[in-house]
Amino acid sequence: MKQTLSPNQGIKRGVLWMWTLISGITVANLYYSQPVLNKIATELNISELTANNISIATQLGYASGLLFIVPLGDLFKATKILMVSFISLIISLAITAVSTHLYTLIITSYIIGACSVMPHIFIPMASQFSKPQRKTQNVGMLLSGLLTGILTSRVISGFVGEHFSWRVMYGIATLSSLLCLLAIWFYMPKSNQNFSGSYPSLMKSLYTIAKENKLLQNVSLRAALCFASFQGMWAMLAFKMCSEPFYANNDIIGLLGFCGIVGAITASSVGGAVNKLGARNFHFIGCFIIVLSWTIMWIFQNSYVGFITGILLIDAGIQCIQLSNQSKALSLLPSAANRVNTIFMTSFFLGASFGTFIAGVCWANWKWNGVVIAGIVLTLLSFIITIGYKKND
């Protein structure tokens, strides 16, 4: 029998694990292209900078889905939103697997991004329906699923792209999304809507919430700038590693994703520390770790040890950033959790798109040194914005 969820009354462990697994599988769709962009560029006979538009389209699609789809979680039952999104996602993944045209890939990548927002239906639900003492830990569990999906996507995509084809990877993604659709149909618990009104009034309330809550503006912007730095690194890593002195193949590039497993451990283990130290202090810690990681990847940019160490640190840093700031955002207005999460995560992935674009431009003009400078500057801007906000959070 399906569980019926009520605020602050708790969520069954099995449901949380299902949400965590589905979160990892769906967010993986955003990153399958990154380790194989060089393969796509070669097959389609396009430049590296042009191929980077596929990643940018996916990130912009994700931001659009966060803005226009996730708020529906306050207006409609979650199961309906999830079913429609998964059906659209499956169709787009299947088309991507067989497409031979750049513009078709950009369009389908945008749709894949927009329809891969399911984790951000689950995260507000975890915050709203978990028992008070378990809220941060349960959100951290879902964030661990997200990061694990990101890591796994890069490893699997690199391996499949090197030994089979990047198209095979999208075929596998189509089948895994179909399995998620079936799990949602049979096991998704029941929940009530948080908003009674029309979709236009719902979207208008987003603007009102964002405009009136200065702290939400601050945590969203500072987290977005750090995520821009993080995504810039991953977007350009394949181009860096396949050039001198590494000349690495795609499965080696994908394996570097496993180095970020420390980030998944961070998200699941430091939830309690956020409550003790405060989101602001935890954000400062995350910024310091990210700047340190970029410094290491610049000084030791011709060494696998340098990149492995840098990736370990930057993944831990970004999890400190996301967990602290997202938990703070969700605590500001629990009755509008989906809309608050929409504001936060839309900003977060607009940051990712911006960071991917900036990193691409820097790579085209100044190679890895330019990418490093961009990553450090973005993180320092986040640090400065946090200091400039006088109210302690």
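Please refer to the structure higher up on the page.
This section reports on the structure supplied with the text. None of these values were measured; they are calculated from a predicted model.

The rules behind these values
Counting of residues starts from 1 at the beginning of each chain's written sequence and follows it residue by residue. Since the coordinates come from a predicted model, pLDDT governs what is reported: local features require at least 70, and pairs of side-chain atoms require 80 or more to be given and counted, while whole-chain, interface and lining totals use all residues. Values shown for side chains rest on all heavy atoms present in the structure; no hydrogens or waters enter the calculation. In this text, helices come from DSSP runs of H or I with a minimum length of four residues, and strands from runs of E with a minimum of two, each type numbered from the N-terminal end. Burial classification: accessible surface area is computed with a 1.4 Å probe over protein chains only, and a residue below 20% of its type maximum counts as buried, one above 50% as exposed, and the rest as partly exposed. Note on contacts: a residue pair qualifies if any of its non-hydrogen atoms lie within 4.5 Å across the two residues. In this charge count, Lys and Arg are treated as positive and Asp and Glu as negative; neither His nor the chain ends contribute. Charge positions come from single atoms, namely NZ of Lys, CZ of Arg, CG of Asp or CD of Glu. Whenever a carboxyl oxygen of Asp or Glu lies within 4 Å of a side-chain nitrogen of Lys or Arg, that contact is scored as a salt bridge. Angular values range over 0 to 180 degrees, each being the angle between N-to-C directions of two axes fitted as lines to C-alpha atoms, with helices fitted over their stretch in contact. Each angle gets one of four labels, with under 35 degrees taken as roughly parallel, over 145 as roughly antiparallel, 65 to 115 as roughly perpendicular, and the rest as oblique. Each helix crossing is assigned a hand: it is left-handed if the near helix lies turned anticlockwise from the far helix by less than a right angle, otherwise right-handed if that turn is clockwise. Amino acids are sorted into nonpolar (Ala, Val, Leu, Ile, Met, Phe, Trp, Tyr, Cys and Pro), charged (Asp, Glu, Lys and Arg) and polar (every other residue, Gly among them). Any cysteine sulfur atom paired with another within 2.5 Å is treated as part of a disulfide.

**Details of the overall build of the chain**
Okay, so step 1: Counting its secondary structure elements, the chain contains 16 helices and zero strands.
Okay, so step 2: Here the C-alpha coordinates of the chain stretch approximately 55 × 50 × 35 Å along the principal axes.
Okay, so step 3: Here the chain holds 393 residues, and 61% of them are scored as buried.
Okay, so step 4: The long-range fraction of contacts in the chain, counting pairs at least 24 apart against all pairs at least 6 apart in sequence, stands at 83%.
Okay, so step 5: If you average the places of the 24 positive and of the 9 negative side-chain charges in the chain, the two averages end up 18 Å apart.

**Overview of the environment of A364**
Okay, so step 1: Following the sequence through the fold, A364 ends up in helix α16 (residues 337-388).
Okay, so step 2: Of the residues examined, A364 reaches a relative accessible area of 43% and is grouped as partly exposed.
Okay, so step 3: The spacing of A364 and E48 is 316 residues in sequence and 8.4 Å in space, taken between C-alpha atoms.

**So, the pattern of salt bridges**
Okay, so step 1: Inspection of every chain in the model, using the stated rule, returns two salt bridges.
Okay, so step 2: Residue K39 is joined to E162 by a salt bridge in which the shortest nitrogen-to-oxygen separation is 3.8 Å. In this pair, K39 is assigned in helix α2 (residues 37-44) and E162 in helix α7 (residues 135-163), connecting sequence segments 123 residues apart.
Okay, so step 3: Look at K39 and you get partly exposed, because its relative accessible area is 31%.
Okay, so step 4: Salt-bridge contacts for E43 lead to R167; the nearest nitrogen and oxygen are separated by 2.7 Å. One end of the pair, E43, is in helix α2; the other, R167, is in helix α8 (residues 166-187), and 124 residues separate them in sequence.

**Comments concerning the environment of F288**
Okay, so step 1: Its location among the elements puts F288 in helix α14 (residues 279-299).
Okay, so step 2: Since its relative accessible area comes to 57%, F288 is described here as exposed.
Okay, so step 3: For the pair F288 and I314, spaced 26 residues apart in sequence, the C-alpha to C-alpha distance is 9.8 Å.

**Observations concerning the side chain of K240**
Okay, so step 1: The topology assignment puts K240 in helix α10 (residues 214-241).
Okay, so step 2: Despite its burial, K240 remains without a salt bridge, the nearest opposite charge being carried by E244 at 8.2 Å.
Okay, so step 3: Leave out the neighbours within four places in its chain, and K240 touches F246, Q301, N302, F307, W363 and W368.

**Describing the packing of helix α3 (residues 48-68) against helix α5 (residues 102-114)**
Okay, so step 1: Where α3 meets α5, the axes come as close as 6 Å, and the angle between the chain directions of the two elements is 30°. Considering the angle they form, α3 stands roughly parallel to α5. Judged by the twist between their axes, the crossing of α3 over α5 is right-handed. Between α3, through T50, N53, I54, A57, T58, L60, G61, Y62, S64 and G65, and α5, the contact on the second element is made entirely by L102, L105, I106, S109, Y110, G113 and A114.
Okay, so step 2: Residues of the contact of α3 with α5, tallied by class, amount to nine nonpolar, eight polar and no charged.

**Focus on the state of the cysteines**
Okay, so step 1: Counted according to the given criterion, the structure contains zero disulfides.
Okay, so step 2: The structure places no disulfide on C115, whose sulfur is separated from the nearest cysteine sulfur, that of C180, by 14 Å.

Function-wise, these values are silent; they only describe arrangement.
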